[in-house]
Structure formats: structure tokens, C-alpha cells
Amino acid sequence: MKNQSCPPVNYIFQMRDLSKSIVFDAPHFDAAIASAQNPAKIFREALSKGKQSLQRRFEENDDIDLLVHESALLIDELLKRAWRQFFSKSTQSALIAVGGYGRGELHPGSDVDLLLLFSKEVLESSEGNIESFLTMLWDIGMEVGQSVRTVEDCVRESKKDVTVITNLIESRFLTGSEELFEEMQEKVSTDHLWPSDEFFEAKWNEQQNRHLRYGDTANKLEPNIKEGPGGLRDIQMIGWVAIRHFNTRDLHELVKHDFLSEDEFHFLLEGQRFLWKIRFALHIHARRREDRLLFDYQKTLAHDFGYKDNKQNLAVEQFMQQYYRTVMELDRLNEMLLQNFQEEILYSADPVTPKAINRRFQLTRGFIEVVHPNIFRYFPYALLEIFLLLQLDPKIKGVRASTIRLIRSNRGLMDDKARNDLRTRSVFLEILKQPTGITHELRRMNRYGILAAYLPAFENITGRMQYDLFHIYTVDEHILFVVRNLRRFTVPEFRNEFRLCSEIISNIAKPELLYIAGLYHDIAKGRGGDHSKLGETDTRQFCIDHGLGQYDTNLVAWLVRNHLLMSMTAQQKDISDPEVIREFANKVGDSTHLDYIYLLTVADIRATNPALWNSWKDSLLKELYHATNKALRMSSDEYTSHQTIIASKKADVYGLLNASALNREQIDHIWSDFGPDYFIQYSAEEIAWHITSISTMKENSFPMICVRYDNNRGSTAIFIYGPLKAHQFAATTATLEKSYLNVVDARILSTRSNYTLDTYLVLENDGKSIKDPSRLNEIKEALKHTLSTENAVDYNVNRMIPRLHKHFEVNTRISYTLDKNNSRTILEVTTADRPGLLSRIGEAFKRCEIDLQNAKIATIGMRIEDFFYITDKNNRPLDEQQFNALRDTLLELLDT
């Protein structure tokens, strides 16, 4: 078997007249080499000149197929001539292109993958020439990845590793002994190694594992255009299997075998060209191999490719939406083709007798298919029914490729008439009511284009990115992750992940209402206006159309309208304040609404960016949930009575300290210096910790600093007690930030005798809590040193700004509102996150003589939205003149 007789796909430059190539001037080069004393210099100049020519042509929008293949042509000609510097044509040796270079495809930063093939006898005597040849390649600036083998080595390594045989089946002869090359190809053919069934299964498993490494989604903010689902590697996968099974490198052969339609074949090539353009541009801008579509390049590429900002979307969002939609379609084509290969290669021996499921569908070799090509024309609701059948029978292996094609080609039949069909609506609701397979089938529906066909509003958000660091998935992918998270709460084996969520959802009678809210909560993004209000309108119409009762309709519509309410309350307001809890409880109304919004909020935050979810956010939402539940069971006056709250907490503290060495008189003596706000803001368990720590403190060992992991708050708590100092907040936050800690909450109080009762809740920079005793002690000692010194504190925190943050501009906004109930000012600061931010804010407080009572620290991607509860030095809310002075000082410090 001689695979080299099959030309590589689109390897069109083989037919070109090399002497006329503007990439490589062969006559001029050969003449220069003949008289050169330093051949490496001539090679280096030719390589540089060729690459510059290719880049210029790319910038002039030349055909990407030509550029990719002529990049390989340039390297071909240089390598052939370099080889002849060290090896004669008569020796039993050959230079062979493998991998992408073997296919005749090279991008500016691609490695040049080579096989140096020798007979055993020649290899033993060629070590010096091999080393000199490779050294020369490095000297001229060619980045190569090489293996040096005999034919026997190739056979042995191919048997062990499917990646080796993959490289070899794409191998292309360059120069040397063609006879040796043909011997190698024959010995690694399917007649001897890796028959097509074994090869397919190995490559299929390899692809599944690769997709898992990339989160099984291409819809990430910084996708890998080569390795991610729907990327170039998936197209190559199709080619590898075609070579091994059909012995062809021409993908058009798949059309002849009914594996692809002509339209699908052309989309496959167009999709490849689109990804090639992106990859070529990435390599040029990065000046090296780069397959990640990083933020560093997205705006630049959008501009290069001619996208323009409009009222609805930024240019970069339009570019990325085209990218995501392209790879989604390529992913579907890959799935369909591999499905065809699976049936052809792995299941060819299985019986082909169809087994009827109903009048519209049947099973063939374990795969579901329509009984007739016109089924969807006769019964459009069957476009949804097939997904329900897949849910009902988990043993079904998948959808036959021919039926996938029919689904795609007939999705236009899901028009208003079909959507209004009671059968269609009933099937969709049944899909949401099934105990298993909801997420899996919704994803499949999205991939095949049926979800957007049935829910037209979904079309707008398919592949839509949000250009920030808070949302790491496209809107459609995020929505499906929300539904997946909600479903996960119901699965017994995941009960330990979120025990409270699993407990709540087990008592919910209609979880499908949650799934509808999950599907619709962000569906109106990108339309302009408030997406929560627009989504509420869409949701209400969906519920009415699908026959939901008035109560259920109002509940789901309320969830969509208010899906941000709980997270904003927990992260931006002082939830230790009974008035805040009462206000939230009034908005929620009852325990049913509270249960639903809590579940949706947890699922939403986790699906927005898993890296942003941490134990602190978990504890905040739990605290708000439990406090609201309690408030809903009590009258308004009873719940907000400070006297009642304080008496209750003191009684709880007595109980907690009952077994300690402290008696009531000692406890009363310590907290006699504490004001009522202290008992409102701290839990009984925290108060007991403070009392115990203060009672055991050595005399005059101020400041007292206690550090512990607080399981209830999902973070590490730092308690500082000692004489009040004006610079303390700024000094403390600077020290914590220099220790690579992230402050998530600060409660700043003082006693009647001007001692601090400050608590900071911190996490490591990666969002994890701190439990290691040595790390806890390190934090304690650093704070002790800073707060004990009388010298000026260095507030500068010299840490690198994360790479991703450099690509976003966040305008600083400073505003304030009056907290009448607590006679204080609530200061809101929105600005770009950066090292040393809190210490600069603390310095502004010091300069303006501002007293800080509480702080809520929220980081949303690259943006911080911090709330500070402050008074002036006389413990009064700020007037307009004081606020203006503070705002000016903050702007001065934050802009430096």
C-alpha cells in the first residue's frame, strides 16, 4: 500500500510551477549557494524573505489555502537543499515530512515535523551528519521537531503508540531514497498494523479525552482553535480515519461514500479556511506558535478581519460569535462523520434489521433513526420527539448520521405552525420533566440547531460572547450549564456537593419550573435594554403557550425578572443588618419563592465562571437564605427589634461558653465595652471566639491578632483587638494584599473605650480558604509586625496585574446613598481590580477622617464593586461637601 500516491487534501501547490513562486526563488537561491562561503546565511535570508512575503500577502487578503500550502512549499525547498549538504541521494536515507507539515500545511509559527529515515547500516555511520544537519536548521531559524528512525523503529513505535502511526500515515516524501520511504509506508499499512477498526477506536477515545481536557466545550472566552471541540484537530481526525479506512487523502471521497453531502463538504472546507485564517493571524501577532484565541488578540483580529462596532454588539463580539457558531457546526459535522465511521467500522458485523420504536422511529444497530426520510415533513413535532426518545431509553447509542443530517436540513420546518402544535409543546415539556438526560439532550438540541428553532429567542444568544472576565462561556453555553447545575442538585451521587440545594430541590414539586427559568434567565441578552425585564416577557409568553397555570407562570416570570436579586443582596449589602433581611424577605414574599431563587442563584453563579465560585460565596448565600427563612416566619417588628436580637445572641453565647472557665460576670465585664452594633453584626459563635481570645490575652500584648478558618463563613477570619489607630484599615489591607490574600469582607467596629473590634475574612488569591497552621501563623505575624510599628506604612503593593485584566477598561465610579436606619453613608466604588486597591481606599479614609464600619468586597471578573459603610469622625453620615472631598481623594489615589 503506497499512501503517497494519494495527494493530500488541497495540496494544490504540487501542480504549481516552482520557478514562478514568489515565496522561493529557486534559480537565484541555487546560484547564491553555489558560490557561498557561509551557506547558512543564504538559507536564513531565504527563509526570512519567504516568511515576510507570506505575511504581506496575508495582510493583503490573499487566499489562505495558498498561504498555508506555500508556507510548506518554502520549507520543502529549503530542507531539500539543506539535506543535500550532508547526504547523497544514493545513500539509504530519506527526509520525510510528517504531521501537519506532512499534509502540506504550515502556519508561520508551526513546528516543522520531520522523520529522518535511515537503513540500519547507514544510521550507525551518520550520527555526525545528522547532528550537523539539525544544527544547521536551528541556525537558520527553522523550528523543527524530529525523530530519527529506521523502518524497523517505525514499525515498533507505531505498534505501541497510535500518535506515531497517525504521523506516519500523513507522511510525505521530500528527498533521499524514495524506495526506503515506500518500504516504511508498506510496513505500517493496515495490512500489517492498526487495522481501521482498532485505529478508529483509539482515535475516537483520544478525541473524547482531548475534548474533556478543554471542558468539553468550544464556547470559552479564550478557546483553543486547534485542540478544542470543533477545532482544527477535529477536522484532522476526519482525515486520519478517511486515510486509514478508505485509503484516501481527498475528503471529497466521503461525499462519494455518502458520509457527507456536497454542502457539508464545502462547509467543512470553509470552516477550515476560517480557522486557518485565525491561526495564521495568531502566529503573526504572537510571533510564535499560538493556538489559543486569547484576549490579547481578539480585538486585533476582529479589526483585521473587518468587523465594526454597532449599537448591539462590539466588533470583537461579532467576530467571536462567528467563531463559536463555526466551531459548533464543525463539531456537529465531526460527530456525524464519526457516527458514520462508527457504524461502518465498528458495527458493520451487527445485524441491520431495524427494530421499531413507534410509527416514526426505529433502532438500527442500536442507533435511532427515522423510518422514512419524509417523517419530519409529515410530523414536524418529531424534530423534538427524537430527543425525548433518547431520554426514555439510555441504551440507545446515539442518532444515526443520516438522521442527524435530516434534522439539520429540516429544522426550518419548526415554524410558527409547528411551534403552536399542542403535540410539539407537550413533547418539549416532557423533555424538561424527565428524571434523566435533560442536560444531555438540550445540548444535543442546541448542537443540531433545534433548540434555537423551537425557541427563536435562543438563536440570538447562540455563540454570543460577553466581552468581560465574569462570564467565561457564551450565553447559550452558560444557560445550558445553569440547567445542568440545577439538574445536578437532584442526582443522589452528587448530594454531598451542595447538601442544602439537594435538600431543598428534593421538596420541590415542579423542578421543571426551575429549568424553564434557567433556560430564559439570560435569553434576552444582546437585544439592548434590561435583559431581565425582556426575558420576563418572553418567559411569561412561553408559560402561557405551554399551558402553565397562572401561579406557575407568575413564579417563573418572577424568577427570570429577579434572577440577580439574591446574589446582589448577598454580595453588595450588609446582610447582618435585620432591615436588609426584612427588605429582601418582603421582595421574596414566601418560602417557595425563596427556595426557587436560592437554587437558581447558586446554579447561575457557578455556571458563570466556576473559578469565581468559592466557599465564601456559598456561605453568604446560605446565610442570606437561612436569615430570610427566619424573617418570613416572624413579624416585621419582632425580627428587626435590636433589643430582641441582642438578648437572643447573649443567651446563645452564655450557652456556648458554659463549659469554659469563664463565668457570666467575666463575660459581662468584657462585652460591657461593646456597643449594640457589635451584637448585630457578629454571630453568637463569633462573639464566643472573641470573648475567649480577649480573656486569655496577655496583658498589654496589643494588638491582639487571632486567625482561624471559619467553616460557617467559608473563609479565614482575622480578628484584631487593640487600641484604635487611624491608619489601621489601610495598613491591614496593604499587609494582607502583600501576603497574596483576597479580602472578601471587613467588619470595622470600635468599643466605647476606642479599642478595635475588626474582623477581616480572607481567601487565598485562587479563591481557596486557608487552613494550614503555618500559613495562618505567617499571616498573624505579618499583621502583628505592621500594626505594632509606629513608622509610616508602605501602602504600595507591588504585584503584577493579571494578563487578562490589561485588555479591559473599567471606568471608576464613586457614589453614595444614605443608610437612614443606621445613620451612616453607604459608599459604592466601582473600578478596575488591581493590587493594593483596598489599601489606597483606606488611605483616602485616613486623609478625609472617615470612620469605616463595614465593607462588602465583590470582584466581578476584572471589575470590583465594593461597598463601604462609613461615617465622619463624629459618627454621622457624610454631607455633600465631605463626600465630594472623599471622592476627589479616592480618584487621585486610584488613578496613580
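Since we're looking at a predicted model, the values are computed, not measured.

Parameters at a glance
Residues numbered from 1 in each chain as written. Predicted model: local features only at pLDDT ≥ 70, side-chain atom pairs only at ≥ 80, totals over all residues. Heavy atoms only, no water. Patch = residues over 30% accessible without salt bridge, like charges linked within 9 Å, V, L, I, M, F, W, Y side chains within 5 Å. Areas by Shrake-Rupley, 256 points an atom, 1.4 Å probe, with all protein chains shown as cover. Salt bridge = Lys/Arg side-chain N within 4 Å of Asp/Glu carboxyl O. Lys, Arg positive; Asp, Glu negative; His and termini not counted. Charge placed at Lys NZ, Arg CZ, Asp CG, Glu CD. Helix = DSSP H or I, 4+ residues; strand = E, 2+ residues; numbered from the N terminus. 1 Å grid on protein atoms, 1.4 Å probe; cavity = no way out; pocket = protein on both sides within 12 Å on 5 of 7 lines; lining within 4 Å. Points joined across faces, edges and corners; volume = space filled by probe spheres on them. Nonpolar A, V, L, I, M, F, W, Y, C, P; charged D, E, K, R; others polar. Pairing = 2+ DSSP bridges. Axes fitted to C-alpha atoms, helices over the stretch in contact; angles between N-to-C directions. Contact = heavy atoms within 4.5 Å. Buried < 20%, exposed > 50% of the residue type's maximum accessible area, 1.4 Å probe, protein only. Expected span 1.5 Å × (residues − 1). Polar contact = N/O pair within 3.5 Å; in protein donor to acceptor, adjacent residues only side chain to side chain. pLDDT = per-residue confidence, 0-100.

**Student:** How should I be thinking about a negative patch on the surface in this particular structure?
**Tutor:** Residues Glu121, Glu124, Glu127, Glu131 and Glu152 make up a contiguous surface patch of negative charge. Of all the elements in the fold, those that place two or more residues in the negative patch are α5 (120-124) and α6 (127-139). Inspection of the secondary structure assignment puts Glu124 in helix α5.

**Student:** Is there a simple way to explain the layout of surface pockets in this structure?
**Tutor:** Rolled over the atoms, a probe sized like a water molecule indicates the empty space that remains. Considered as a void within the structure, the largest pocket measures approximately 1,500 Å³ in volume. Lining the largest pocket are 48 residues, and of these Asp216, Glu335, His440, Arg443 and Arg447 lie nearest its centre. Elements that contribute at least two residues to the lining of the largest pocket include exactly α10 (196-213), α15 (315-346), α17 (382-392), α21 (438-448), α24 (475-488) and α31 (591-608). Tallied by class, the residues present in the lining of the largest pocket amount to 19 nonpolar, 17 polar and 12 charged.

**Student:** Can you help me understand the sheet that holds strand β8 (residues 398-399) in this one?
**Tutor:** The strands making up a sheet are joined through hydrogen bonds of the backbone, oriented either antiparallel or parallel. Here four strands make up an open sheet; going across it, the order is β5-β6-β7-β8 and the pairing mixed. A single partner strand is all that each edge strand has here, and the edge strands are β5 (355-356) and β8. As judged from the two bridges shared by strand β7 (residues 367-370) and β8, these two strands associate in the parallel manner. In the sheet register, Ile368 faces β8, and the bridge partner there is Val399.

**Student:** I'm lost on the sheet that holds strand β3 (residues 144-150) in this one. Help?
**Tutor:** Across the sheet, four strands lie side by side as β3-β2-β1-β4; this open sheet has mixed pairing. At either end of the open sheet lies a strand with only one pairing partner, and these are β3 and β4 (172-176). Strand-to-strand twist in this sheet, taken as the mean axis angle between neighbours without regard to direction, amounts to 25 degrees. Relative to β4, strand β1 (residues 93-97) is paired through four bridges, and the arrangement is antiparallel. If you follow Ala97 over to β4, its bridge partner there is Arg172. Helix α3 (residues 64-83) contacts β1, β2 (112-118) and β4 of the sheet and is inclined by roughly 30 degrees relative to β4. Taken strand by strand, helix α7 (residues 151-160) contacts β2 and β3, and its axis lies near 110 degrees from that of β3.

**Student:** How do you make sense of the pairing of strand β15 (residues 850-856) when you look at a structure like this?
**Tutor:** One face of the sheet, then the other: side chains in a regular strand alternate in exactly this way. Counting buried residues along β15, six of its seven residues qualify, which places the element largely inside the surrounding structure. In this structure, strand β11 (residues 741-747) lies alongside β15, joined through three bridges in antiparallel fashion. Bridge pairing in β15 links Ala746 to Ala855. Note that β15 and strand β17 (residues 863-872) share six bridges and pair antiparallel. Across the sheet, Leu852 pairs through a bridge with Ile870, a residue of β17.

**Student:** Would you mind showing me how to read helix α26 (residues 511-520) here?
**Tutor:** Counting along an α-helix, one turn takes 3.6 residues, and residues three or four places apart therefore face a common direction. Along α26, nine of the 10 residues are buried, which leaves the element largely enclosed by surrounding structure. Taken residue by residue, α26 has Glu512, Leu513, Leu514, Tyr515, Ile516, Ala517, Gly518, Leu519 and Tyr520 as its buried positions.

**Student:** So what exactly am I meant to see when it comes to unusual backbone geometry here?
**Tutor:** Residues other than glycine predominantly adopt negative phi, and peptide bonds predominantly adopt the trans conformation. Positive phi is not limited to glycine here, since Glu849 has a value of about 55 degrees. Structurally, the position occupied by Glu849 is in the loop between α40 (837-847) and β15.

**Student:** Before we go on, may I ask you to explain helix α32 (residues 615-633) in this structure?
**Tutor:** Under the 1.5 Å per step criterion, the end-to-end length of α32 is 27 Å for 19 residues, consistent within 8% with the ideal 27 Å. By the burial criterion, the buried members of α32 are Trp616, Lys617, Asp618, Ser619, Leu620, Leu621, Leu624, Tyr625, Ala627, Thr628, Asn629 and Ala631. In this structure Asn614 caps α32, since a side-chain oxygen of it lies 3.1 Å from the backbone nitrogen of Trp616.

**Student:** Could you clarify how one ought to interpret the environment of Tyr740 in this entry?
**Tutor:** When you line up the elements, Tyr740 lands in the loop between α38 (728-738) and β11. The partly exposed category is assigned to Tyr740, whose relative accessible area is 46%. Sequence separation between Tyr740 and Asn765 is 25 residues; the distance between their C-alpha atoms is 6.0 Å.

**Student:** Is there a simple way to think about the pattern of salt bridges in this case?
**Tutor:** Where charged atoms from two side chains of opposite charge approach closely, those side chains can pair. Evaluation of the coordinates by the stated rule reveals 58 salt bridges. Of the charged contacts in the structure, one is a salt bridge between Asp574 and Arg824, with a shortest N-O distance of 3.2 Å. Taken together, the positions of Asp574 in the loop between α29 (565-572) and α30 (578-588) and Arg824 in strand β14 (residues 824-832) put the pair 250 residues apart, joining distant regions of the chain. Taken individually, Asp574 and Arg824 each receive the classification buried, so the pair is uniform in this respect. Arg775 is the salt-bridge partner of Glu778, the closest N and O atoms lying 2.8 Å from each other. In this pair, Glu778 and Arg775 are both assigned in helix α39 (residues 773-788), three residues apart and thus about one turn of the helix distant. With a relative accessible area of 46%, Glu778 lands in the partly exposed category. On the basis of relative accessible area, Arg775 is assigned to the buried category, the value being 13%. Each of Glu623, Glu686, Arg713, Asp745 and Arg747 takes part in a single network of salt bridges with overlapping partners.

**Student:** I would appreciate a short explanation of the confidence of the model for the protein chain in the present structure.
**Tutor:** Should the pLDDT be low somewhere, the predicted coordinates at that spot are not to be read in detail. Taken over all residues, the pLDDT of the protein chain has a mean of 89, while the share at 70 or more is 94%. Here residues 1-20 is a poorly scored stretch, pLDDT under 50, and it has 51 contacts once near neighbours within four places are set aside; other chains count.

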